[in-house]
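Summary of structural features
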Amino acid sequence: MLDYGSFCYLDVQKTGSSFVVDFLKRHVAGEPVKFFKHRRVSFKRAKQDGETFYFITARDPLDQYKSLYHFGLTKPNSPIRRRLDAHFSGGDSLYAEGAAGFHNWLEFMLDPQNARFYEAPYAETHADMFGYMTHRFLTLGLPGKHKELNAFKDREQVLRRYKNKGLPKAVIRNESLNADLAALIKSELGPNLLDAEAAVNELMTSDTRINASNRDDAKDDLSDDLLRAVQDREWFLFQQLGYPAYV
């Protein structure tokens with residue numbers, strides 16, 4: 001989280017968070033109160049000031065999975081890659097086929113029984129209730145400790161908890177990140193910036209794009225069954241955020 005007191009950005013991994021953090025640090029008047037990368041907001045902080053404006057970034061879940069897979073390809077020492085390579089010893093690594101191995105990797109990682117290959121907080125929560133990308137979103141979108149995500153009994157309870165306790169008052173989509181952030185500056189964040197007009201102009205004229213891939217690229221060569229599996233595991237992101245179905 002990047003907390004400026006009156007507003008707080010919830011920086012979900014692989015959603016353009018590095019860009020947003022850098023942008024805010026350059027344009028916001030004043031220093032942040034707190035900055036803990038991908039850290040949850042505590043119950044105490046959430047209750048301190050009910051007027052704090054929270055916003056969060058999101059990204060198409062399939063695109064996130066593809067990004068996470070390619071991170072493992074380029075970073076052999078990344079935690080998920082190390083755990084998987086240790087499990088699939090003898091040259092049978094899920095990364096052995098390079099970009100062509102995404103299908104097999106995704107199928108394996110969508111299985112809730114394999115949640116332990118992510119990080120401990122996810123494996124210890126209700127991994128059979130939602131997928132890893134939903135876990136990342138809810139981890140920052142809901143205040144409290146990781147154990148709070150282990151109390152859900154069904155999907156309806158997840159939706160109710162987010163409706164009643166969810167922090168974000170706005171969602172910036174990676175697919176339209178520059179435009180969404182510009183709109184937020186015009187509506188909510190502008191008074192906190194050194195020069196709101198200049199910030200918006202930078203976003204609308206910049207050649208830098210955060211989302212180098214997209215859902216159409218990520219869908220290439222994936223079966224309808226596997227695409228449905230992603231939809232089922234990440235049901236929250238489709239239902240709550242309105243991402244369109246793949247099939």
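Please read these numbers as outputs of a predicted model, since none were measured by experiment.

To continue, consider the overall build of the protein. On a plain count of helices and strands, the protein comes out with 13 helices and 5 strands. Taken over C-alpha atoms, the radius of gyration comes to 19 Å for the protein, in line with the 18 Å a tight globule of 247 residues would show. Referenced to the eigenvectors of the C-alpha coordinate spread, the extents of the protein come out at roughly 55 × 40 × 35 Å. Looking at the protein as a whole, 49% of its 247 residues are labelled buried. Contacts in the protein between residues far apart in sequence, at least 24 positions, make up 70% of those at least 6 positions apart. Roughly 12,000 Å² of accessible area belongs to the protein as shown, and the carbon and sulfur atoms make up 47% of that amount. The centroid of the 34 positive side-chain charges in the protein is displaced by 7 Å from the centroid of its 34 negative side-chain charges.

Below, the discussion takes up the pairing of strand 5 (residues 170-173). Because side chains alternate across strand 5, one face comprises the buried residues Ala170 and Ile172, and the other comprises Val171 and Arg173, none of which is buried. By the bridge criterion, 4 bridges tie strand 4 (residues 53-58) to strand 5 in an arrangement that is parallel. Its bridge partner being in strand 5, Thr57 is matched across the sheet by Ile172.

A few words on the nonpolar core. Considering soluble globular proteins, one finds that nonpolar side chains tend to be buried as a cluster. Within the largest apolar cluster, 53 residues are counted, with the highest numbers of intra-cluster contacts made by Tyr65, Trp105 and Leu106. Broken down by element, the residue count for this core peaks at 6 residues, all from helix 5 (residues 102-110). Every residue in contact with Tyr65, bar those within four places of it in the chain, is listed here: Phe102, Trp105, Leu106, Leu110, Tyr118, Gly131, Tyr132, Met133, Val230 and Glu234. In terms of nonpolar packing, the next biggest core, distinct from the first, is built from 24 residues, Tyr4, Phe23, Ile185 and Leu189 among them.

Take the packing of helix 1 (residues 17-27) against helix 10 (residues 196-205) next. At a minimum axis distance of 11 Å, the contact between helix 1 and helix 10 shows a crossing angle of 150 degrees. Here helix 1 lies roughly antiparallel to helix 10, going by the angle between them. In terms of crossing hand, the pair formed by helix 1 and helix 10 is right-handed. Here Phe19, Phe23, Arg26 and His27 of helix 1 lie close against helix 10, whose contacting residues are Ala199, Glu202 and Leu203. Looking at side-chain class alone, the contact of helix 1 with helix 10 contains 4 nonpolar, 1 polar and 2 charged residues.

Attention now goes to helix 4 (residues 79-87). Where helix 4 is concerned, the buried positions are Ile80, Arg81 and Leu84. Angularly, the buried residues of helix 4 cover 95 degrees about the axis, an arc narrow enough to put them on a single face. Taken together, the buried residues of helix 4 touch helix 3 (61-74) and helix 5.

Mean pLDDT for the protein: 91, with 92% of residues reaching 70 or above. Confidence, read as mean pLDDT per element, is least for helix 11 (residues 215-219) in the protein (55) and greatest for strand 5 (98). Throughout residues 209-213 the model reports pLDDT below 50, and contacts reaching past four residues in sequence, or to other chains, amount to 10 contacts.

Now for the side chain of Thr134. Mapped onto the elements of the fold, Thr134 is located in helix 7 (residues 132-141). If we skip the residues at most four places from it in the chain, Thr134 touches Arg233, Glu234, Phe236 and Leu237.

Rules used in this analysis
- Sequence order as written defines residue numbering, which begins from 1 separately in each chain.
- In keeping with the predicted nature of the model, local features appear solely for residues at pLDDT of at least 70, side-chain atom pairs appear and are counted solely at 80 or more, and the whole-chain, interface and lining totals rest on all residues.
- Note that the side-chain values use all heavy atoms of the structure and ignore hydrogens as well as water.
- Put simply, DSSP marks the helices as runs of H or I at least four residues long and the strands as runs of E at least two long, and each gets a number from the N terminus on.
- As defined in this context, the radius of gyration uses C-alpha atoms, and a globule is described by 2.2 Å times the residue total to the power 0.38.
- Relative accessibility decides the category of a residue: with a 1.4 Å probe and only protein chains considered, values under 20% of the type maximum give buried, values over 50% give exposed, and everything between is partly exposed.
- Residue contacts are defined here by distance: any two heavy atoms, one from each residue, within 4.5 Å place the two residues in contact.
- Working definition of accessibility: Shrake-Rupley area with a 1.4 Å probe, residue cover restricted to the visible protein chains.
- This count recognises Lys and Arg as positive and Asp and Glu as negative, with His and chain-terminal groups excluded.
- By convention, charge coordinates are those of NZ in Lys, CZ in Arg, CG in Asp, or CD in Glu.
- Pairs of strands are assigned from DSSP output, requiring at least two bridges between the strands.
- In these notes, a set of buried Ala, Val, Leu, Ile, Met, Phe, Trp, Tyr and Cys residues joined through side-chain atoms within 4.5 Å is what counts as a nonpolar core.
- Structural elements are reduced to axes, namely lines fitted to C-alpha atoms, with helices fitted over the stretch in contact, and the angle between N-to-C directions of any two is expressed from 0 to 180 degrees.
- Roughly parallel covers angles under 35 degrees, roughly antiparallel covers those over 145, roughly perpendicular covers 65 to 115, and oblique covers all other angles.
- A crossing counts as left-handed when the near helix is turned anticlockwise from the far one by less than a right angle, and as right-handed when that turn is clockwise.
- Only Asp, Glu, Lys and Arg are considered charged in this grouping, and only Ala, Val, Leu, Ile, Met, Phe, Trp, Tyr, Cys and Pro are considered nonpolar; every other residue, Gly among them, is considered polar.
- Arc definition: it is the arc formed by the directions from the helix axis to the C-beta atoms.
- The predictor attaches a confidence to each residue, and that confidence, scored 0 to 100, is pLDDT.

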